[in-house]
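Okay, here's what each chain looks like letter by letter:
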Amino acid sequence: MTPPVLQVQQLHVTAGDQSIVRDVTFDLSRGELTTIIGPSGSGKSTILRAINRLADKESGLQVSGSIRYKGCDVFRCCPVNELRRDISLVFQKPCIFPGSIRRNVLFGVRHHQPMSRTRQNDLIEKVLRQAHLFKEVKDRLNKPAHLLSIGQKQRLAFARSLAVNPAVILLDEPTSSLDPHSTIEIEKALRELKSTCSILLVTHSLEQGRRISDRVIFMSNSQGFGTIVEQGAVEQIFENPQHPDTQQYVLNR
Ligand SMILES: Nc1ncnc2c1ncn2[C@@H]1O[C@H](COP(=O)(O)OP(=O)(O)O)[C@@H](O)[C@H]1O
Ligand SMILES: [Mg+2]
């Protein structure tokens, strides 16, 4: 068996003396899409932020436990820029920079490697295709990105995260405010990407979780802090959940 790409073990995140998440342990494997589901406030976003080292002193949070990426402790042995290139985070609200679509796609890449115009063009086309956006924007790559619809902006943010060729992609409710067309396009893109990336997706939509997950993690905050109640293969969590909290969340909807 190939070792997991990412191993989260006994992750605790606190804000002062308040626990946000406790005892979070799971692995991400290559070629799999893992979904985190659970009620609002159960710490789903906090887990993604902790993996990307955004849950730090400046945000008022303290993290303990271990997160290992390809065997290395992300808090100790990975420089943060390299970590965020290898593990990229797509936020719930698409983050769009001033300037053109083209500039937005290349935003992260330019910090890492100089590239000829031809290679840039190839890369832009490749990642916009992967994000299922190319056809819609191919004639206006030099136009301002802020003119795009919200669904197109989210796919642009996704394309930008792909441009740095990450090994792991974290997505925080990327389709929560999108139209059905953009949602379907993002889901198609995620399915295709699984062969090259490990994907960790937070979603509020159980239907989406059912459609695209391989594995599912169910979080609850019934104890006053976020914790994993149950995790397993998608069929197990949705068809045969074992824990009463999972049963209530998944079956009574
Ligand atoms: N920087 C922070 N300082 C204090 N509390 C926080 C901070 N970030 C998140 N929280 C709290 O942690 C809990 C979990 O938040 P979050 O991870 O955003 O949950 P979810 O994404 O599952 O809705 C919430 O009660 C939130 O208010
Ligand atoms: Mg959230």
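Going by the structure above, here's the rest.
Attention in this report is confined to the structure presented alongside it. (Residues numbered from 1 in each chain as written. Chains lettered and ligands numbered in written order. Predicted model: local features only at pLDDT ≥ 70, side-chain atom pairs only at ≥ 80, totals over all residues. Heavy atoms only, no water.)

## Remarks on the sheet that holds strand β6 (residues 87-90)
(1) Moving on: On the basis of which strands lie adjacent, the open sheet formed by six strands has the order β6-β7-β8-β3-β9-β10 and mixed pairing. Each edge of the open sheet is held by one strand with a lone partner, namely β6 and β10 (227-233). The mean inter-strand angle of the sheet, taken between neighbouring strand axes irrespective of direction, is 15 degrees.
(2) Moving on: As defined by bridge partners, strand β3 (residues 33-37) adjoins strand β8 (residues 198-202) across four bridges and the pair is classed as parallel. By the bridge assignment for β8, leucine 33 is matched with isoleucine 199.
(3) Moving on: Helix α7 (residues 150-163) rests against β6 and β7 (168-172) of the sheet, and its axis sits at about 170 degrees to β6.
(4) Moving on: Packed onto the sheet, helix α8 (residues 180-193) meets β3, β7 and β8 and runs at close to 150 degrees relative to β8. (Pairing = 2+ DSSP bridges. Helix = DSSP H or I, 4+ residues; strand = E, 2+ residues; numbered from the N terminus. Axes fitted to C-alpha atoms, helices over the stretch in contact; angles between N-to-C directions. Contact = heavy atoms within 4.5 Å.)

## A few points about the site of ligand 1
(1) Moving on: As a matter of local geometry, ligand 1 sits amid Ala15, Ile20, Pro39, Ser40, Gly41, Ser42, Gly43, Lys44, Ser45, Thr46, Ser59 and Leu61.
(2) Moving on: Expressed as a share of its isolated accessible area of 570 Å², the protein-covered part of ligand 1 is 61%.
(3) Moving on: A per-element tally of the shell around ligand 1 places helix α1 (residues 44-51) first, with three residues.
(4) Moving on: Its residues assigned to classes, the shell around ligand 1 shows four nonpolar, seven polar and one charged. (Near = heavy atom within 4 Å. Areas by Shrake-Rupley, 256 points an atom, 1.4 Å probe, with all protein chains shown as cover. Nonpolar A, V, L, I, M, F, W, Y, C, P; charged D, E, K, R; others polar.)

## Details of the packing of α7 against α8
Think of two packed helices as two axes; the pair is described by the angle between the axes and how far apart they sit.
(1) Moving on: One can describe the packing of α7 onto α8 by two numbers: an axis separation of 9 Å at closest approach and a directional angle of 20 degrees. Put simply, α7 runs roughly parallel to α8. Judged by the twist between their axes, the crossing of α7 over α8 is left-handed. Each of Gly151, Gln152, Gln154, Arg155, Phe158 and Leu162 in α7 lies in contact with α8, whose residues at this interface are His181, Ser182, Glu185, Ile186, Ala189, Leu190 and Leu193.
(2) Moving on: Considered class by class, the residues forming the contact of α7 with α8 number six nonpolar, five polar and two charged. (Parallel < 35°, antiparallel > 145°, perpendicular 65-115°, else oblique. Left-handed = near helix turned anticlockwise from the far one by under 90°.)

## Here we look at the packing of aromatic side chains
(1) Moving on: Counted according to the given criterion, the structure contains two aromatic pairs.
(2) Moving on: Ring centres 3.8 Å apart and planes at 20 degrees place the aromatic pair phenylalanine 97 and phenylalanine 107 in the stacked group. Of the two residues, phenylalanine 97 is situated in the loop between β6 and α3 (101-106) and phenylalanine 107 in the loop between α3 and α4 (109-112); the sequence distance between them amounts to 10 residues.
(3) Moving on: Assessed through its relative accessible area of 23%, phenylalanine 97 is described here as partly exposed.
(4) Moving on: Accessibility expressed as a relative area gives 24% for phenylalanine 107, which makes it partly exposed.
(5) Moving on: The ring of phenylalanine 225 has arginine 22 sitting right over it, with the charged end atom 3.9 Å from the ring centre. (Phe/Tyr/Trp six-rings, centres within 6.5 Å; stacked < 30°, edge-to-face > 60°. Buried < 20%, exposed > 50% of the residue type's maximum accessible area, 1.4 Å probe, protein only. Lys NZ or Arg CZ within 6 Å of the ring centre and 35° of its normal.)

## Some words on unusual backbone geometry
(1) Moving on: Within the chain, aspartate 23 stands out as a residue other than glycine whose phi angle is a positive 60 degrees.
(2) Moving on: What makes aspartate 23 partly exposed here is its relative accessible area of 42%.
(3) Moving on: Notably, lysine 70 is not glycine yet its phi reads approximately 45 degrees, a positive angle.
(4) Moving on: A residue is classified by how much of its surface remains accessible, and lysine 70, at 49% relative accessible area, is partly exposed.

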